[in-house]
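This is what each chain is made of:
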Amino acid sequence: ARGGPFRKQVRRLEGPVNLRMAREVKHSAGLAGMAPDAPAESYRLGPLEYLRRSVIEVLSKEYGDALPEVVDPMVVFSSRPEFGDFQCNVAMSLARQLKSKPRDVAERLRVGLEQKVAGMCATPLEVAGPGFVNFRLSDGYLASVIRQMMSDPRGKLNVPEPPKLQRIVVDF
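As the structure is a computational prediction, the values presented were derived from the model and not from experiment.

> Just to check I follow, could you spell out the nonpolar core for this structure?
Inside soluble globular proteins, nonpolar side chains tend to come together where they are buried. Counting residues in each nonpolar core, the largest one holds 34 residues, and the members touching the most others are Leu-59, Leu-109 and Phe-135. At the level of elements, α3 (40–45), α4 (47–63), β2 (86–88), α5 (90–98), α6 (102–117), β4 (132–135) and α7 (139–150) are the ones that each hand at least two residues to this core. Top element by residues in this core is α4. It accounts for 7 residues. Once residues lying within four places of it in the same chain are set aside, the contact partners of Leu-59 are Gly-64, Leu-67, Val-71, Val-90, Leu-94 and Leu-109.

Rendered as structure tokens:
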């Protein structure tokens, strides 16, 4: 699909009604432009990093010492839009070590994640195939991220400044 997994959500936000709504929301007061039910940390870290950290946290809570010492959460952008915005297949890599079926691991992960990502992702989360967990960002979350970008007084779309400016020269 041309344009990546976010194309469907962007289309939903386009159009005269939604543009009018976006202007009204931009000028309305709120939780500093955030969706009221989305985790505040998801705005600071970004959705991908927030999901990765949440997966590790839920796996640690669910499986404790049975987990290997280092776990890659395996949360990536979805390869196809019908799978949502992000997908996680860590259940398939951990199933053997946890002596469980990948789909069972994915289901426990899904249940543990639902509360953490409520407001940021459309719920219920989806377990697909042998053990994929699919995440779709909610319209309210996307709108609030866009609202924050539009209201940045610096005009830099709410992208933080790097901690230390560096000059990098690339020769080729």
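From this point, things continue past the structure.
> Any chance you could explain the sheet that holds β4 here in plain terms?
Neighbouring strands of a sheet are bound in pairs by backbone hydrogen bonds; such pairs are parallel or else antiparallel. Overall, antiparallel pairing links the 4 strands, which are arranged β1-β2-β4-β3 in an open sheet. In this open sheet, the two strands that pair with only one neighbour each are β1 (75–77) and β3 (126–128). Pairwise comparison of adjacent strand axes, ignoring direction, gives a mean angle of 30° for this sheet. Sheet topology note: the β3/β4 ladder contains 3 bridges and is antiparallel.

> Sorry, what's going on with the packing of α4 against α6 here?
The relative placement of two packed helices comes down to the angle between their axes together with the axis-to-axis distance. It is at 9 Å that the axes of α4 and α6 come closest, and there the two elements cross at 120°. The orientation of α4 relative to α6 falls into the category oblique. Crossing geometry of α4 relative to α6 is assigned as right-handed. From α4, Tyr-50, Leu-51, Ser-54, Val-55, Glu-57, Val-58, Leu-59, Glu-62 and Tyr-63 reach across to α6, where they touch Asp-104, Val-105, Arg-108, Leu-109, Gly-112, Leu-113, Lys-116 and Val-117.

Conventions used here
Residues numbered from 1 in each chain as written. Predicted model: local features only at pLDDT ≥ 70, side-chain atom pairs only at ≥ 80, totals over all residues. Heavy atoms only, no water. Core = buried A, V, L, I, M, F, W, Y, C linked by side-chain atoms within 4.5 Å. Buried < 20%, exposed > 50% of the residue type's maximum accessible area, 1.4 Å probe, protein only. Helix = DSSP H or I, 4+ residues; strand = E, 2+ residues; numbered from the N terminus. Contact = heavy atoms within 4.5 Å. Pairing = 2+ DSSP bridges. Axes fitted to C-alpha atoms, helices over the stretch in contact; angles between N-to-C directions. Parallel < 35°, antiparallel > 145°, perpendicular 65-115°, else oblique. Left-handed = near helix turned anticlockwise from the far one by under 90°.

Shape descriptors only; they carry no functional weight alone.
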